[in-house]
Amino acid sequence: MSIQVGDKIPKATLNYLKDGVQAIDTDELFGGRKVVMFAVPGAFTPTCSAKHLPGYVQHLAEFEKRGYEVACLSVNDAFVMGAWAKDQHVPDSVHMLADGNGVFTKAMGLELDATPFGMGVRAKRFAMVVDNGVVKQLHVEAPGEFRVSSAEHVLAELP
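First, a word on what this report is: a plain description of the structure on this page.

Conventions adopted
Along each chain, residues carry numbers from 1 onward, in the same order as the chain's sequence is written. With pLDDT at 70 or above as the cut-off, local features in this predicted model cover only qualifying residues; side-chain atom pairs require 80 or more to be listed or tallied, and sums for whole chains, interfaces and linings still use all residues. Side-chain metrics rest on all non-hydrogen atoms present in the structure, leaving aside hydrogens and water. Labels follow the DSSP assignment, with helices taken as runs of H or I lasting at least four residues and strands as runs of E lasting at least two, numbered in each case from the N terminus. Throughout, the radius of gyration refers to the C-alpha atoms, and the reference size of a globule is 2.2 Å times the residue count to the power 0.38. Categorising residues by exposure relies on relative accessible area from a 1.4 Å probe, with only protein chains included: less than 20% of the type maximum marks a residue as buried, more than 50% marks it as exposed, and the intermediate range marks it as partly exposed. Contact between two residues is taken to exist if any of their heavy atoms lie within 4.5 Å; hydrogens are not considered. Throughout, the Shrake-Rupley method with a 1.4 Å probe supplies accessible areas, and for residues the shown protein chains are the sole cover considered. Each polar contact in these results corresponds to two N or O atoms within 3.5 Å; when the atoms are within protein, one needs to be able to donate a hydrogen and the other to accept it, and residues that are neighboring in sequence are counted only if both atoms are side-chain atoms. When two cysteine sulfur atoms are found within 2.5 Å, that pair is recorded as a disulfide. Here a salt bridge means any side-chain nitrogen of Lys or Arg lying within 4 Å of a carboxyl oxygen belonging to Asp or Glu.

Some remarks on the overall build of the chain
Right, on to step 1. Of the regular secondary structure elements, the chain holds 6 helices and 9 strands.
Right, on to step 2. The C-alpha atoms of the chain give 14 Å as radius of gyration, which agrees with the globular expectation for 159 residues (15 Å, within 12%).
Right, on to step 3. Split into buried and exposed, the 159 residues of the chain put 47% on the buried side.
Right, on to step 4. If you take every contact in the chain between residues at least 6 apart in sequence, the share linking residues at least 24 apart comes to 62%.
Right, on to step 5. Counting every atom, the chain has about 7700 Å² of accessible surface; 51% of that belongs to carbon and sulfur.

Details of the environment of N132
Right, on to step 1. Topologically, N132 is positioned in the loop between strand 8 (126-131) and strand 9 (134-140).
Right, on to step 2. By relative accessible area, which is 46% here, N132 ends up partly exposed.
Right, on to step 3. The spacing of N132 and V21 is 111 residues in sequence and 25 Å in space, taken between C-alpha atoms.
Right, on to step 4. From its side chain, N132 meets the backbone nitrogen of G32 in a polar contact 2.5 Å long.

Focus: the state of the cysteines
Right, on to step 1. Per the counting criterion, the structure on display carries 0 disulfides.
Right, on to step 2. Free cysteine: C48, not disulfide-bonded; nearest cysteine sulfur from C72 at 8.0 Å.
Right, on to step 3. According to the relative accessible area criterion, C48 is buried, its value standing at 0%.
Right, on to step 4. Residue classification places C72 among the buried positions, given a relative accessible area of 0%.

Details of the pattern of salt bridges
Oppositely charged side chains are able to pair whenever their charged atoms sit close together.
Right, on to step 1. Applying the stated rule across the entire model yields 4 salt bridges.
Right, on to step 2. With its nearest N and O atoms 3.2 Å apart, the salt bridge here joins D27 to K11. Taken together, the positions of D27 in helix 1 (residues 26-30) and K11 in the segment before strand 1 (13-17) put the pair 16 residues apart, joining distant regions of the chain.
Right, on to step 3. The exposure class of D27 is partly exposed, given its relative accessible area of 36%.
Right, on to step 4. For K11, a relative accessible area of 59% corresponds to the exposed category.
Right, on to step 5. Residues participating in the shared-partner salt-bridge network are K11, D25 and D27.

This is the structure:
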C-alpha cells in the first residue's frame, strides 16, 4: 500500500553529491520544514529532462516565496543526480536526491517496475507536499502521464 495524505514520511537515508557523496536522513530533510518533493523515473530520461525537472527549476522562486523547499528524487545514484543537476543548470537550493537502491521509494509504496524497459525498479512519477514530515498532498501520475506532478499543478494546489 502506498503512502497516503496524513502519513509520516518513512525513515530512510538518501544521498546527494556535494564535495563527494553525502547522506541525509529523511527526518533531517523533512523535519521542521515545508518541502515539495517530486520523483522521476530516471535522470536524463525524456519527460524528466524536458518537462518535469525544468518546471520546478522555472518555478523555484514561487515555491520558495510560499515557504517551500524543493527536492527531486530518483532511483539513481548520487553521481548521476549530480551530473543531471549540472546538465540541467539546477540551482543549489534544489535538493537533488538519490535513492540508489530504491529503499525510500519502496517504503512509500511508490515504486515502478521498469524492468521491461531495462531500467529495473524505479520511482513512479509523483509529487508530494510535506510539512514537518507529514504528507499534506500526494499527486501520483497514471502510467505514461505527466500532469498532476508538474510544478504548475502542485503550485495551483498549494494553500
